[in-house]
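Chain residues, written in single-letter form:
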Amino acid sequence: MKRLMMIAATAAAVMTASGAWARDLRVMTFNVRFANPSDGANVWSARRAVFMRTVRAANPDVIGTQELLRSQGDDIVAALPAYRWFGRDRDGGHDGEHMGVFYRTDRLKLVQSGDFWLSDTPEVPGRPAWGANLPRMVTWAVFETVGEKTPHRFLMADTHFAHRGAEDEEARTRSAALIAERLPAIARGLPIVLTGDLNTTVDSAAVKHLTAFLTDASALARTKGAPTGTFHDFTGVPEPGKWIDHVLVKGFRPISARVLTTHAGARYPSDHFPIVAVLRPE
């Protein structure tokens, strides 16, 4: 709790004066599917080019990824040099899956970053909790806009909830409750963006915990003509209702959101469709 109070005090200290933002913020959430050598035709090397094309065309200011391996992160910034990325993996190192956050250095400046784990010991890396079989975490940062007469700051956070079915329901619900407690304390009045693969339905208790204090900007993507979900297992045809990827916000007004279904023939950039949301600061 002492460390959380220190983080909140630091975030409060970096708040900027009020005033209009120069432009809207473009946010992407993207479960990249880790570079699994057992993925056959869908190995990372086969889909890397279409992945880069998807991000380049979407042109987001900031991206919250899930399942990212360090080698993939390095590939992305090598191909898209306008971006940088950061984050620890879910064991607290760099050998496993990261909640990696990417940002355009010509549009955003990284002011402060940190992380916490979704457990009863949030500052301790690598501990599975509440019945989950893998550690789960949040990567967060305070960003400042670049190129504005009056720079503005916001809190960005990225997460990936426990993935199994009913056996992980408690873990997802308690993870959401912990995020609902900690993010406002870290933000201390700053606008908030939360991206993530929540691995649950939009009417679940976990999502309701989050939408009690955040607006689901990604709901704007769930239109009649959109895909029926975001997880499609490299087929391009999602299971109906698999809306598990989200962009949630506070202090921003969602202007638009869309699911990106970019592919090259049968090759998709990931087994998830990404979502891009355009946010207007309030």
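Residues numbered from 1 in each chain as written. Predicted model: local features only at pLDDT ≥ 70, side-chain atom pairs only at ≥ 80, totals over all residues. Heavy atoms only, no water.

Draft legend 1. The arrangement of the side chain of Asp 89 in detail. Counting through the fold element by element, Asp 89 comes out in the loop between β3 (83-86) and β4 (101-104). Among buried charged residues, Asp 89 stands out as having no salt bridge; its nearest opposite-charge side chain is Arg 88, 7.3 Å away. At 3.2 Å, the side chain of Asp 89 and the backbone nitrogen of His 94 are in polar contact. Reaching out from Asp 89, the side chain makes a polar contact with the backbone nitrogen of Gly 96 at a distance of 2.6 Å. (Helix = DSSP H or I, 4+ residues; strand = E, 2+ residues; numbered from the N terminus. Buried < 20%, exposed > 50% of the residue type's maximum accessible area, 1.4 Å probe, protein only. Lys, Arg positive; Asp, Glu negative; His and termini not counted. Salt bridge = Lys/Arg side-chain N within 4 Å of Asp/Glu carboxyl O. Polar contact = N/O pair within 3.5 Å; in protein donor to acceptor, adjacent residues only side chain to side chain.)

Draft legend 2. Seen up close, the sheet that holds strand β12 (residues 275-281). If you walk across this open sheet you meet the 6 strands as β3-β4-β2-β1-β12-β11, and the pairing is mixed. Across the chains shown, the open sheet's two edge strands, defined by having one partner strand only, are β3 and β11 (252-259). For this sheet, the mean angle separating the axes of adjacent strands, direction not counted, is 20 degrees. By the bridge criterion, 5 bridges tie strand β1 (residues 25-31) to strand β2 (residues 62-66) in an arrangement that is parallel. Residue pairing for β2: Phe 30 is matched across the bridge by Thr 65. Docked against the sheet, helix α2 (residues 44-58) engages β1, β2, β3 and β12, running at close to 160 degrees with respect to β1. This element, helix α3 (residues 70-79), spans β3 and β4 of the sheet and lies at about 160 degrees to β3. (Pairing = 2+ DSSP bridges. Axes fitted to C-alpha atoms, helices over the stretch in contact; angles between N-to-C directions. Contact = heavy atoms within 4.5 Å.)

Draft legend 3. Broad picture of the packing of α2 against α3. At a closest axis distance of 11 Å, the pairing of α2 and α3 adopts a crossing angle of 50 degrees. On the basis of the axis angle, α2 is oblique to α3. The two elements α2 and α3 cross, and the hand of that crossing is right-handed. Mapping the contact onto sequence places Trp 44, Arg 47, Arg 48, Phe 51, Met 52 and Arg 56 in α2 and Gln 72, Asp 75, Ile 76 and Ala 79 in α3. Here the residues of the contact of α2 with α3 are counted per class, giving 5 nonpolar, 1 polar and 4 charged. (Parallel < 35°, antiparallel > 145°, perpendicular 65-115°, else oblique. Left-handed = near helix turned anticlockwise from the far one by under 90°. Nonpolar A, V, L, I, M, F, W, Y, C, P; charged D, E, K, R; others polar.)

Draft legend 4. Region of the structure containing α3. Considered for burial, the residues of α3 that qualify are Gln 72, Gly 73, Ile 76 and Val 77. Buried residues in α3, looked at end-on, bunch into an arc of 130 degrees, giving them a common side. The inward-facing, buried residues of α3 abut α2, β3 and β4. (Arc of directions from axis to C-beta.)

Draft legend 5. Molecular detail of α2. With 15 residues, α2 extends 20 Å between its outermost C-alpha atoms, agreeing within 8% with the 21 Å of an ideal straight helix rising 1.5 Å per residue. Most pronounced at Val 50, the bend in α2 amounts to some 25 degrees. Looking only at α2, the buried set comprises Trp 44, Arg 47, Val 50, Phe 51, Met 52, Thr 54, Val 55 and Ala 58. Contact partners of the buried residues in α2: β1, β2, α3, β3 and β12. (Expected span 1.5 Å × (residues − 1). Bend = angle between axes of the 7 residues up to and from the residue.)

Draft legend 6. Region of the structure containing the pairing of β4. A two-sided burial pattern is seen for β4, the buried positions comprising Val 101 and Tyr 103 on one face and Phe 102 and Arg 104 on the other. Note that β2 and β4 share 3 bridges and pair antiparallel. Opposite Val 62, over in β4, you have Tyr 103 as the bridge partner. Here β3 pairs with β4 via 4 bridges, running antiparallel. Bridged to Arg 84 within β4 is Tyr 103.

Draft legend 7. How the structure looks around the nonpolar core. Ranked by size, the top nonpolar core spans 29 residues in total, and within it Phe 116, Ile 179, Leu 183 and Leu 210 carry the most contacts. Residue assignment for this core shows that the elements contributing at least two residues are β6 (137-145), β7 (153-160), α4 (169-187), β8 (192-197) and α5 (205-211). At 7 residues, α4 tops the list of elements feeding residues into this core. For Ile 179, the contacting residues outside a window of four places in its chain are Phe 116, Leu 118, Val 138, Thr 159, Phe 161, Pro 184, Leu 194, Leu 210 and Phe 213. One finds Tyr 103, Leu 108, Val 193 and Val 247 within the second-largest nonpolar core, a separate group that totals 27 residues. (Core = buried A, V, L, I, M, F, W, Y, C linked by side-chain atoms within 4.5 Å.)

Draft legend 8. Fine view of the sheet that holds strand β5 (residues 108-117). In spatial order, the strands read β5-β6-β7-β8-β10-β9; together these 6 strands make up an open sheet with mixed pairing. With one partner strand each, in any of the chains shown, β5 and β9 (215-216) form the two edges of the open sheet. In the sheet, β7 pairs with β8 via 6 bridges, with the strands oriented parallel. Bridge assignment links Met 156 to a residue of β8, and that residue is Val 193.

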